[in-house]
Amino acid sequence: MADPGSEAGSEYPADPRPLIRGGDILILLLAAGLVGASFGAFWGPRGEGETALVTVDRSVLRELSLDQDGVFEIEGRIGLSTVMVDGGRVRFLDSPCPGRYCVHSGWLHRSGEVAACLPNGIVVEVLGGEREFDAINL
Amino acid sequence: MSASGQIGIDHARAACGRDDRLVAGFAALAIAIHILEAAFPSPLPGVKPGLANVITLIVYLRHGLRLAIWVAAMRVLVGSLLVGTFLSPTFLLSVTGAVAALSALALVGTIGGQRIGPVGLSVVSSLAHMSGQISVAYLLFIPHPALLKLVPVLLTAALLFGIVSGLIAASVLQILRRRAAAR
């Protein structure tokens, strides 16, 4: 009973059953609903609130809302880095690293943009909204 | 006492040999389809018709879950060796898909019994196959939100190809049943 295959394997009914049975139609409806719902879930409008994700040594420290301007001091591996949020964009203002590459990265505002201060272990990444690709490899 | 025991073992051996030949034959068919499909270009990465699953489905409905698992395992293993993806990420995705599809097949087949035919089973296993692969791809290989944007497209493809595979399996099963009845 638990295994329909063994029954079907031992006896073959003379009249062929229809290609699609009642249970199949139920499953088709459920599946179509599920697939339809996936469009809503993955393609639906996202909340516009874009944020900047600040990670220190790979652990998430805080998420800064890009709507609220301000200057934030982040304690990193070798000292204090200063991150500034202004008018929906974010940048490193200062960092105790030798090259200041993070500061030279300038303003970030597009989703997916990243500035990193590797000596201090701090990464700032813009999240939310429409994400743009930095590379496509098929 | 010993004689009956001996007969029992012979029976078991004979059943084993018959099952082995069934698995080998069906697996060969599935592998051939698998490789033919791999040769065709795909409109979207990750989307292919998955017609080899027709074989898994037919074996499941005619010979039960155990043999279906064997055939799917042989197809994934030998297919990957022949295409050249053995132990690659593609292979892992293949394994995941097969495991997810067989689990769904066993679950829905057991619950639904005779009420659910090949088309329903095919759709369920196809969607499970795709969902399993997307999950592993997202968790292990490409943890990027852009992948999630593909999910509706991939699931739609899985649904359509699942229906097609199911109809093919249903027709083949009907033909096999008619032949057996005519004999």
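About the criteria used
- Residues numbered from 1 in each chain as written.
- Chains lettered and ligands numbered in written order.
- Predicted model: local features only at pLDDT ≥ 70, side-chain atom pairs only at ≥ 80, totals over all residues.
- Helix = DSSP H or I, 4+ residues; strand = E, 2+ residues; numbered from the N terminus.
- Buried ≥ 20, exposed ≤ 12 C-beta atoms within 10 Å, placed from the backbone.
- Contact = placed C-beta atoms within 7 Å.
- Pairing = 2+ DSSP bridges.
- Axes fitted to C-alpha atoms, helices over the stretch in contact; angles between N-to-C directions.
- Core = buried A, V, L, I, M, F, W, Y, C linked by C-beta atoms within 7 Å.
- pLDDT = per-residue confidence, 0-100.

Draft legend 1. Quick peek at the overall build of chain B. If you tally the helices and strands in chain B, you get 6 helices and 0 strands. What you see in chain B, going N to C, is helices and strands ordered as α-α-α-α-α-α. When each of the 183 residues of chain B is scored for burial, the buried share is 38%. Nonlocal contacts in chain B, meaning residues at least 24 apart in sequence, comprise 74% of its contacts between residues at least 6 apart.

Draft legend 2. Up close: the overall build of chain A. When you go through chain A residue by residue, the secondary structure sums to 3 helices and 7 strands. Secondary structure elements in chain A, listed N-terminal to C-terminal, are α-α-β-β-β-β-β-α-β-β. Evaluated residue by residue, chain A yields a buried proportion of 20% over its 138 residues. Nonlocal contacts in chain A, meaning residues at least 24 apart in sequence, comprise 32% of its contacts between residues at least 6 apart.

Draft legend 3. Looking closely at the pairing of strand β4 (residues 80-86) of chain A. Residues and elements named next belong to chain A. Here β4 shows a clear split, with S81, V83 and V85 buried on one side and none of L80, T82, M84 and D86 buried on the other. One ladder, built from 6 bridges, connects strand β3 (residues 70-75) with β4; its direction is antiparallel. Across the sheet, E73 pairs through a bridge with T82, a residue of β4. Note that β4 and strand β5 (residues 89-94) share 5 bridges and pair antiparallel. Considered in β5, the bridge of M84 is made with R91. Taking the residues between adjacent antiparallel strands as the criterion, β4 and β5 are bridged by 2 residues, where G87 takes a positive phi near 55°.

Draft legend 4. Layout of the sheet that holds β4 of chain A. All names here are of chain A. In spatial order, the strands read β3-β4-β5; together these 3 strands make up an open sheet with antiparallel pairing. Strand pairing shows two members of the sheet lacking a second neighbour, β3 and β5, which therefore form its edges. Across the sheet, the mean angle separating the axes of adjacent strands is 30° when strand polarity is ignored.

Draft legend 5. Representation of the environment of D67 of chain A. Within the secondary structure, D67 of chain A is located in the loop between β2 (59-65) and β3. Measuring from C-alpha to C-alpha, the distance between D67 of chain A and G88 of chain A comes to 5.6 Å, with 21 residues separating the pair along the chain.

Draft legend 6. Examining the environment of A68 of chain B more closely. Residues and elements named next belong to chain B. Looking at the secondary structure, you find A68 in helix α3 (residues 65-83). Taking C-alpha positions, A68 is 9.9 Å from L105, a pair spaced 37 residues apart along the chain. Apart from the residues lying within four places of it in its own chain, the contact partners of A68 are T56, V59, Y60 and L102.

Draft legend 7. Representation of the nonpolar core in the model. Ranked by internal contacts, the top residues of the largest apolar core, which has 45 residues, are I55, I58, V59, V71, L127 and A158 of chain B. Secondary-structure elements contributing two or more residues to this core are α2 (22-43) of chain A together with α1 (2-39), α2 (52-63), α3, α4 (89-112), α5 (118-141) and α6 (145-182) of chain B. Element by element, the count of residues in this core is highest for α6 of chain B, at 9 residues. Not counting residues up to four positions away in its chain, the partners in contact with L127 of chain B are A31 of chain A together with L155, A158, L159 and G162 of chain B.

Draft legend 8. Summary view of the confidence of the model for chain A. Model confidence for chain A is summarised by a mean pLDDT of 78, while 77% of its residues fall at 70 or above. Below pLDDT 50 for its whole length, residues 1-15 of chain A participates in 24 contacts with residues either more than four positions away or in separate chains.

Draft legend 9. Up close: the pairing of strand β1 (residues 51-56) of chain A. Residues and elements named next belong to chain A. In this structure, β1 lies alongside β2, joined through 6 bridges in antiparallel fashion. Looking across to β2, one finds that V56 is bridged to S59. Between the antiparallel neighbours β1 and β2 lie 2 residues, among them D57 with a positive phi of about 50°. As judged from the 6 bridges shared by β1 and strand β7 (residues 122-127), these two strands associate in the antiparallel manner. The residue of β7 that forms the bridge with V54 is V124.

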